[in-house]
Amino acid sequence: MSEAIRILHLSTHDEDCGIGKYQEMFLDAMQIDDSVRNEFFEISPSQIKVMNKKNYEAAFSKLEVRLKEFDVLHIQHEFSFYFKNELELAVKIARTLRKKVIVTIHTSANIGNPSAHINGYGIRSVARQIKAAIRKKQFEKNFINPLKLVDLILVHNDVTAQSLVERGVPRDIIQKIIIPVPKVDFRRESNEINENLRSGDKDVIYATVGFLHRYKGIEEAIKA
């Protein structure tokens with residue numbers, strides 16, 4: 001029997017995070033397959049993003065040491081996880097060690113760095129354009145350019161895939177996968193939400209899945 005493929009996952013885990021739970025379920029489901037060995041990198045992106053410079057550098061030094069034992073680095077990416085150049089550093093470490101890299105992208109690049117529109121030629125408008133150009137350059141350095149170096153990008157919809165292609169990421173390394181949904185027993189019924197939140201027949205109850213963040217489009221949904 002051939003040796004198992006060893007995959008190190010850089011992802012949130014063992015914490016209150018939807019993506020972390022998503023990845024934990026993936027790994028649990030893969031335990032029956034002896035051809036793959038999965039492990040989480042012990043330091044979560046949610047911890048790394050708030051570290052001071054010394055601890056930040058130490059975390060990536062530890063990632064480099066740990067990754068030497070594995071064949072593949074899999075990175076779960078969401079913009080709220082990565083405030084600095086975490087993705088760039090992780091990909092560079094894997095490439096230096098000649099490891100394969102897979103990145104799962106959960107949010108469209110259109111949200112992470114929307115296009116700026118010129119709406120005048122006054123001082124404020126020009127200043128906004130300059131700031132937008134600086135943000136775009138930083139976005140390309142920290143997000144787009146590292147993605148061009150990976151072996152495989154996993155996305156969950158065509159919008160995310162197209163947003164990457166429009167920014168120069170090769171289409172042939174992008175693969176769309178279906179978000180797995182565990183079986184749920186829908187036979188249970190409850191009026192608890194309706195009774196506690198609705199004060200009149202014209203009230204609308206809006207429910208959303210995941211953490212509250214401006215990326216989720218909650219404000220737009222309420223306005224609509």
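Preceding this section is the structure that the text describes.
Let me sum up the structure you'll find in this document. None of the values given here were measured: they were computed from a predicted structure.

**Some words on the pairing of strand 2 (residues 36–40)**
It is a general feature of regular strands that their side chains alternate between the two faces of the sheet.
Right, so step 1: A one-sided burial pattern is seen for strand 2, the buried positions being V36, N38 and F40 and the unburied ones R37 and E39.
Right, so step 2: Note that strand 1 (residues 5–10) and strand 2 share five bridges and pair parallel. Bridge pairing in strand 2 links I5 to V36.

**A look at the sheet that holds strand 5 (residues 152–155)**
Right, so step 1: Overall, parallel pairing links the six strands, which are arranged 2-1-3-4-5-6 in an open sheet. The open sheet has two edge strands with one neighbour each: strand 2 and strand 6 (174–176). The mean inter-strand angle of the sheet, taken between neighbouring strand axes irrespective of direction, is 25°.
Right, so step 2: Sheet topology places strand 5 next to strand 6; three bridges connect them, and they run parallel. Its bridge partner lying in strand 6, L154 is registered against Q175.

**A word on helix 7 (residues 158–165)**
Spacing of three or four residues puts side chains on the same side of an α-helix, whose turn is 3.6 residues.
Right, so step 1: Those residues of helix 7 not exposed but buried are T160, A161, S163 and L164. The buried side chains of helix 7 occupy one side of the element, clustering within an arc of 160° when seen end-on. Projecting away from the buried face of helix 7 at angles above 90 degrees are the exposed residues D158 and V159.
Right, so step 2: Looking at where helix 7 begins, the residue whose side-chain oxygen comes 3.2 Å from the main-chain nitrogen of V159 is N157.

**Some points on the environment of F143**
Right, so step 1: Following the sequence through the fold, F143 ends up in helix 6 (residues 123–147).
Right, so step 2: A residue is classified by how much of its surface remains accessible, and F143, at 3% relative accessible area, is buried.
Right, so step 3: A sequence separation of 31 residues divides F143 from G112, and the C-alpha atoms of the two residues are 9.4 Å apart.
Right, so step 4: Apart from residues no more than four positions distant in its own chain, F143 is found in contact with H77, F79, L87, I105, A109 and L164.

**A few points about the pairing of strand 4 (residues 100–105)**
Right, so step 1: For strand 4, the buried fraction is high: five of the six residues fall into the buried class.
Right, so step 2: Here strand 4 pairs with strand 5 via three bridges, running parallel. The partner of V103 across the bridge, within strand 5, is I153.

**Some points on the packing of aromatic side chains**
Right, so step 1: According to the stated counting rule, one finds six aromatic pairs in the structure shown.
Right, so step 2: Ring centres of Y22 and F26 lie 5.1 Å apart, and the angle between their planes is 75°; on these two criteria the pair is classed as edge-to-face. Of this pair, Y22 and F26 are both found in helix 1 (residues 18–29), four residues apart, which corresponds to roughly one turn of the helix.
Right, so step 3: On the accessibility criterion, Y22 (10% relative accessible area) is buried.
Right, so step 4: The exposure class assigned to F26 is partly exposed, which follows from its relative accessible area of 26%.
Right, so step 5: Considering the side-chain rings of F139 and F143, the 5.1 Å spacing of their centres and the 45° angle between planes classify their relative orientation as tilted. With F139 and F143 both in helix 6, this residue pair falls four residues apart, about one helical turn. When sorted by exposure, F139 lands in the same class as F143, which is buried.

The rules behind the values
- Residues numbered from 1 in each chain as written.
- Predicted model: local features only at pLDDT ≥ 70, side-chain atom pairs only at ≥ 80, totals over all residues.
- Heavy atoms only, no water.
- Buried < 20%, exposed > 50% of the residue type's maximum accessible area, 1.4 Å probe, protein only.
- Helix = DSSP H or I, 4+ residues; strand = E, 2+ residues; numbered from the N terminus.
- Pairing = 2+ DSSP bridges.
- Axes fitted to C-alpha atoms, helices over the stretch in contact; angles between N-to-C directions.
- Arc of directions from axis to C-beta.
- Polar contact = N/O pair within 3.5 Å; in protein donor to acceptor, adjacent residues only side chain to side chain.
- Contact = heavy atoms within 4.5 Å.
- Phe/Tyr/Trp six-rings, centres within 6.5 Å; stacked < 30°, edge-to-face > 60°.

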